[in-house]
Amino acid sequence: MPDTLYDDICNEICWKIRNSHPDMAIQYAMKAITTAKKTNDNLQLVKAYSFIGVCHRNLGNYTDALDYYYHGLEKAQEFHNTDNLDMFIRDVYRAAEST
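Residues numbered from 1 in each chain as written. Predicted model: local features only at pLDDT ≥ 70, side-chain atom pairs only at ≥ 80, totals over all residues. Heavy atoms only, no water.

Engineer: Got a minute to help me understand the environment of H56 in this structure?
Structural biologist: Mapping H56 onto the fold places it in helix α3 (residues 42-59). Excluding residues that lie within four positions of it along the chain, H56 makes contacts with I26, N61, D64, A65 and Y68. (Helix = DSSP H or I, 4+ residues; strand = E, 2+ residues; numbered from the N terminus. Contact = heavy atoms within 4.5 Å.)

Okay, structure coming up:
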C-alpha cells in the first residue's frame, strides 16, 4: 500500500472513531503523522494534527487540543489552507470556558 494511501486511511479511521474511542483515534492519527512527514504529504499532516486536536477536545484535554491545532495551523499556513483550523481553535476556547 502506498504511504500516502496509508496516512489517508489512518486519518479516516481516526475521524470515524473520534467520538466513540478518542484515545484509539489519536493512535491512528499519530501513525498518519509519521507517514505524512516521511512523504511530505502536508494535507494529511494538517488533517492528522487537527483530528488529534478534536480527540483531545472530546477528552476534555483543552491544552493538548490547542497544541495540536496550532501545529496544524502552522503547517497549513505553509500552503495557505487554514480553513477549518481557526474554527476548531475557537471551539476549544468555548469548551474550556464552559467548564
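Now, onward.
Engineer: Can you walk me through the nonpolar core in this structure?
Structural biologist: Soluble globular proteins tend to bury their nonpolar side chains together. Of all hydrophobic cores here, the largest spans 15 residues; its most connected members are C14 and I33. Looking at this core, the elements that each hand over two or more residues are α1 (3-17), α2 (22-39) and α3. When near neighbours in sequence (up to four residues on either side) are disregarded, C14 contacts A25, Y28, A29, F51 and C55. (Core = buried A, V, L, I, M, F, W, Y, C linked by side-chain atoms within 4.5 Å. Buried < 20%, exposed > 50% of the residue type's maximum accessible area, 1.4 Å probe, protein only.)

Engineer: Would you mind showing me how to read the side chain of S50 here?
Structural biologist: Within the secondary structure, S50 sits in helix α3. Within the structure, S50 has its side chain in polar contact with the backbone oxygen of K47 (distance 2.9 Å). (Polar contact = N/O pair within 3.5 Å; in protein donor to acceptor, adjacent residues only side chain to side chain.)

Engineer: Explain the packing of α2 against α3 here, please?
Structural biologist: For any two helices packed against each other, one specifies the inter-axial angle together with the distance between the axes. Here α2 crosses α3 at 160 degrees, and the two axes come no closer than 9 Å. Taken together, the axes of α2 and α3 are roughly antiparallel relative to one another. Where α2 crosses over α3, the handedness of that crossing is left-handed. Across from P22, D23, A25, I26, A29, M30, A32, I33, A36 and K37 in α2, the residues of α3 making contact are Q44, L45, A48, Y49, I52, C55, H56 and L59. Its residues placed into classes, the contact of α2 with α3 shows 14 nonpolar, 2 polar and 2 charged. (Axes fitted to C-alpha atoms, helices over the stretch in contact; angles between N-to-C directions. Parallel < 35°, antiparallel > 145°, perpendicular 65-115°, else oblique. Left-handed = near helix turned anticlockwise from the far one by under 90°. Nonpolar A, V, L, I, M, F, W, Y, C, P; charged D, E, K, R; others polar.)

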